[in-house]
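Reading the structure
Listed below are the residues making up each chain.
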Amino acid sequence: MNDLKKNNKNFFNENGFDIIRGKLTENVAQIKKDVIEYLNYFGKKHGITDGNDTNYDDLVKKIMVPGTKLRTFIYDSTPFIESIQKLNHHPYLREYLKSVGYRNPVCVDMSNIRFDIAKENEKKFLRGIHQDVRSIRSKKTVTIWVPITKVDKDHGTVVMYPKTHQYGLIKHIYNPNLLIEEKDLPENYDLLEKKKYVVEAEPGDIVVFDCFALHRSETAKIDKVRSVIQITYTDISEVDVEDGFFFLNSNYDAFAKKDKSLKSTLS
């Protein structure tokens, strides 16, 4: 599947995802520079670094220690960095989505950035096969996925399952993250794996995928940090207050909180 030709207007609608090469290279270079400066500032403030680290991998590993308030703060606050916020409404994203049939695409969530570290105790943060349930606002909602480090089968990436966006909303569980159990998959797991598409992308490429498309994390094989920015767009003209999609995020969260075991399901 990795030999498929990309960047034609029909590819996204047929397969539920697309990759646009090199459109945000300059933006991402600035973001990486700003993130390094941001991590250095708080690393020095908390006595973790001397404030002069230039190695992105080493700096992230020092700062993003699981279970610490600093890690939570960094995850929650880095989206406020101006160069990251600028991606929320980058004109090309709207232009692309219009080209694939979104009449009025709008950004419906602040972008966020992931720091995935290739350590055994970090694997729990990776995701099995799932849909981007929390992002869905209408039947036409996408995740914009912009790598700021190289992503592939060695560095860690996302695996897409072509044409699975056509199945609609599928039952999920928490185990420990949101995922679809094998028994609830719309196709046989082995058959899905045979037609999977392992995304390979460089910093500044754009991966666009339908929030209903099945996908999963691919664990890194080398000791490098994988960082990507994620943004959610929906076609606001497709919002239907009766189908429940616009309220899915709040309804799902409320339902999950009722089940303290985090074994709740989405029906």
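The present account deals with the structure reproduced in this document. (Residues numbered from 1 in each chain as written. Predicted model: local features only at pLDDT ≥ 70, side-chain atom pairs only at ≥ 80, totals over all residues. Heavy atoms only, no water.)

1. As for the nonpolar core
The tendency in soluble globular proteins is for nonpolar side chains to be buried as a group. Quick reminder of the rule: Throughout, nonpolar core names a set of buried Ala, Val, Leu, Ile, Met, Phe, Trp, Tyr and Cys residues whose side chains join them through atoms within 4.5 Å. Residue exposure (1.4 Å probe, protein chains only): buried if accessible area is under 20% of the type maximum, exposed if over 50%, otherwise partly exposed. We call two residues in contact whenever any of their non-hydrogen atoms come within 4.5 Å of each other.
Of all hydrophobic cores here, the largest spans 40 residues; its most connected members are Val35, Tyr56, Ile74, Ile144, Val208 and Ile229. Those residues in contact with Ile74 that lie beyond four places of it in its chain are Tyr38, Leu39, Phe42, Ile63, Met64 and Phe115. By size, the runner-up hydrophobic cluster in this structure holds 14 residues, among which are Trp145, Met160, Phe209 and Ala213.

2. Brief notes about the packing of helix H2 (residues 25–45) against helix H4 (residues 69–77)
Our working definition: All axes are obtained by fitting lines to C-alpha atoms, using only the stretch in contact for helices, and the reported angles, taken between N-to-C directions, cover 0 to 180 degrees. Secondary structure elements are taken from DSSP: a helix is a run of H or I of four residues or more, a strand is a run of E of two residues or more, and numbering for both begins at the N terminus. In this scheme, roughly parallel covers angles under 35 degrees and roughly antiparallel covers those over 145, while 65 to 115 is roughly perpendicular and the rest are oblique. By definition, any crossing whose near helix is turned counterclockwise from its far helix by less than a right angle is left-handed, and any crossing with a clockwise turn is right-handed. The residue classification treats Ala, Val, Leu, Ile, Met, Phe, Trp, Tyr, Cys and Pro as nonpolar and Asp, Glu, Lys and Arg as charged. All others, Gly included, are polar.
Close contact between H2 and H4 brings their axes to 12 Å; oriented N to C, the two are set at 150°. Taken together, the axes of H2 and H4 are roughly antiparallel relative to one another. By crossing handedness, the relation of H2 to H4 is classed as right-handed. On the side of H2, the interface is formed by Tyr38, Leu39 and Phe42, while H4 contributes Leu70, Phe73, Ile74 and Ser77. Partitioned by chemical class, the residues of the contact of H2 with H4 number 6 nonpolar, 1 polar and no charged.

3. Considerations on the sheet that holds strand E10 (residues 215–218)
As a reminder, the rule being used: Paired strands are those between which DSSP finds at least two bridges.
Judged by pairing direction, the sheet is antiparallel, and its 3 strands sit side by side in the order E8-E5-E10 without closing on themselves. Two strands bound the open sheet, and with one partner strand each, they are strand E8 (197–198) and E10. Note that strand E5 (residues 157–160) and E10 share 4 bridges and pair antiparallel. Each bridged residue has a counterpart across the sheet, and for Thr157 the counterpart in E10 is Glu218.

4. A few points about the pattern of salt bridges
Definition in use: Criterion for a salt bridge: a side-chain nitrogen of Lys or Arg within 4 Å of a carboxyl oxygen of Asp or Glu.
For the structure on display, the rule yields 19 salt bridges. One salt bridge in this structure joins Glu82 and Lys86, with 4.0 Å as the shortest N-O distance. Taken together, the residues Glu82 and Lys86, both in helix H5 (residues 82–88) and 4 residues apart, mark about one turn of the helix. Within the structure, one salt-bridge network assembled from shared partners comprises Glu193, Lys196, Arg216, Glu218 and Lys221.

5. Some details on the packing of aromatic side chains
Note the threshold: Planes of paired rings set the category: under 30 degrees apart is stacked, over 60 is edge-to-face and the rest tilted, where pairs are Phe, Tyr or Trp rings (Trp by its six-membered ring) whose centres lie within 6.5 Å. We call a charge positioned over a ring when the NZ of a Lys or the CZ of an Arg lies within 6 Å of the ring centre and within 35 degrees of the ring normal.
Within this structure, the stated rule accounts for 10 aromatic pairs. Ring geometry for Phe17 against Tyr197: centres 5.2 Å apart, planes inclined by 50°, an arrangement best described as tilted. You can see Phe17 sitting in strand E1 (residues 17–20) and its partner Tyr197 sitting in strand E8, a full 180 residues away along the chain. Using a relative accessible area of 0% as the deciding quantity, one classes Phe17 as buried. Judged by centre distance (6.4 Å) and plane angle (35°), the ring pair of Tyr92 and Tyr96 falls under tilted. One end of the pair is Tyr92 and the other is Tyr96, both in helix H6 (residues 91–99) and 4 residues apart, which spans about a single turn. One aromatic cluster is present, formed by Tyr38, Tyr41, Phe42 and Phe73 through successive ring pairs. Here the basic side chain of Lys32 rests over the ring of Tyr56, its NZ or CZ set 5.1 Å away from the ring centre.

6. Some remarks on the side chain of Asp34
Heads up, the rule is: For the purposes of these results, a polar contact is taken to be a pair of N or O atoms within 3.5 Å, where, inside protein, one atom must be able to donate a hydrogen and its partner to accept one; residues adjacent in sequence count only when each atom of the pair is a side-chain atom.
If you trace the backbone, Asp34 turns up in helix H2. There is a polar contact of 2.8 Å between the side chain of Asp34 and the side chain of Gln30.

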